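Structure assessment
Okay, here's what each chain looks like letter by letter:
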Amino acid sequence: MVPTDFKALIQRFYQLQAERVETYQLFEEGHEAYLRTGPHYDFDHYRQLVHEITQAFCGISKEVLEIKEKLHHEFDRPALSEHIEKLQSKEKQKLELTAKLQLARQRAQDHPEDEDCQEQIQEIKHEIIKNKEALSEIMQDFKYDSEECD
């Protein structure tokens, strides 16, 4: 349930971002465990993990979007709402990059002789770093703007 008080709403937003971080850690740990089952991968367990991770991300995004709407319409804070919109877009990109990296890692494991695989992994990692920097910047802007009228 989304809080109705401004400070509680901001705190809930930060909690949801922390949940996202934890969910990414679980996703990464699960993928590493999946890779250890190669070359005869345990795809059923991995598919179940992906399903659970997707459900978690959907729940987080749904609540973040509710917070975005409240900030914009009930608290008249369109700047904060815009930060959340940018954040959601970057989070979507981060999830896509994470999935792309996982596929590249599996390809590299399956084809250790293919040097292009390692190069692709490095390129994706670089994109993820740039994405995390953009996310961090958005969060800084959000923090600054949310504390503006304290």
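Above this note sits the structure.
Residues numbered from 1 in each chain as written. Predicted model: local features only at pLDDT ≥ 70, side-chain atom pairs only at ≥ 80, totals over all residues. Heavy atoms only, no water.

1. Notes on the nonpolar core
Among the nonpolar cores identified, the biggest contains 17 residues, and Phe-13, Ile-67, Leu-71, Ile-84 and Phe-142 are the most heavily contacted of them. For this core, the elements supplying multiple residues, two or more each, are α1 (6-35), α2 (43-73), α3 (78-110) and α4 (115-147). In terms of residue count, the dominant contributor to this core is α1 (five residues). When near neighbours in sequence (up to four residues on either side) are disregarded, Phe-13 contacts Val-64, Ile-67, Ile-84, Leu-87, Met-139 and Phe-142. With nine residues, the next largest nonpolar core counts Tyr-34, Leu-35, Tyr-46 and Ile-53 among its residues. (Core = buried A, V, L, I, M, F, W, Y, C linked by side-chain atoms within 4.5 Å. Buried < 20%, exposed > 50% of the residue type's maximum accessible area, 1.4 Å probe, protein only. Helix = DSSP H or I, 4+ residues; strand = E, 2+ residues; numbered from the N terminus. Contact = heavy atoms within 4.5 Å.)

2. Re the packing of α1 against α4
Orientation of α1 relative to α4, taken along the N-to-C sense of each, is 165°, at an axis distance of 12 Å. Looking at the two axes, α1 sits roughly antiparallel to α4. Between α1 and α4 lies a crossing of left-handed hand. On α4, the residues that touch Phe-6, Ile-10, Phe-13, Tyr-14 and Gln-17 of α1 are Met-139, Phe-142, Lys-143 and Ser-146. (Axes fitted to C-alpha atoms, helices over the stretch in contact; angles between N-to-C directions. Parallel < 35°, antiparallel > 145°, perpendicular 65-115°, else oblique. Left-handed = near helix turned anticlockwise from the far one by under 90°.)

3. Quick word on the environment of Val-50
Along the chain, Val-50 falls in helix α2. Classification of Val-50 as partly exposed rests on a relative accessible area of 27%. Through-space distance from the C-alpha of Val-50 to that of Thr-37 is 16 Å; in sequence the pair is 13 residues apart.

4. Looking at a negative patch on the surface
A contiguous patch of negative charge on the surface is contributed by Glu-115, Asp-116, Glu-119, Glu-123 and Glu-127. Along the chain, Glu-127 falls in helix α4. (Patch = residues over 30% accessible without salt bridge, like charges linked within 9 Å, V, L, I, M, F, W, Y side chains within 5 Å. Areas by Shrake-Rupley, 256 points an atom, 1.4 Å probe, with all protein chains shown as cover. Salt bridge = Lys/Arg side-chain N within 4 Å of Asp/Glu carboxyl O. Lys, Arg positive; Asp, Glu negative; His and termini not counted. Charge placed at Lys NZ, Arg CZ, Asp CG, Glu CD.)

5. Here we look at the environment of Gln-120
In this fold, Gln-120 is placed in helix α4. Remark: the alpha-carbon pair of Gln-120 and Leu-101, spanning 19 residues in sequence, is separated by 8.4 Å. If sequence neighbours within four positions are ignored, Gln-120 has contacts with Ala-104 and Arg-107.

6. As for the pattern of salt bridges
Where charged atoms from two side chains of opposite charge approach closely, those side chains can pair. Going through the model one piece at a time under the given rule, you end up with eleven salt bridges. Residue Glu-63 is joined to Arg-12 by a salt bridge in which the shortest nitrogen-to-oxygen separation is 2.6 Å. Of this pair, Glu-63 sits in helix α2 while Arg-12 sits in helix α1, and the two are 51 residues apart along the sequence. Exposure class is identical for Glu-63 and Arg-12. Each is buried. Salt-bridge contacts for Lys-62 lead to Glu-66; the nearest nitrogen and oxygen are separated by 3.1 Å. In this pair, Lys-62 and Glu-66 both sit in helix α2, four residues apart, roughly one turn of the helix. Looking at Lys-62, the relative accessible area reads 54%, which means it is exposed. Using a relative accessible area of 34% as the deciding quantity, one classes Glu-66 as partly exposed. Each member of the salt-bridge network shares a partner with another, and the members are Arg-12, Glu-19 and Glu-63.

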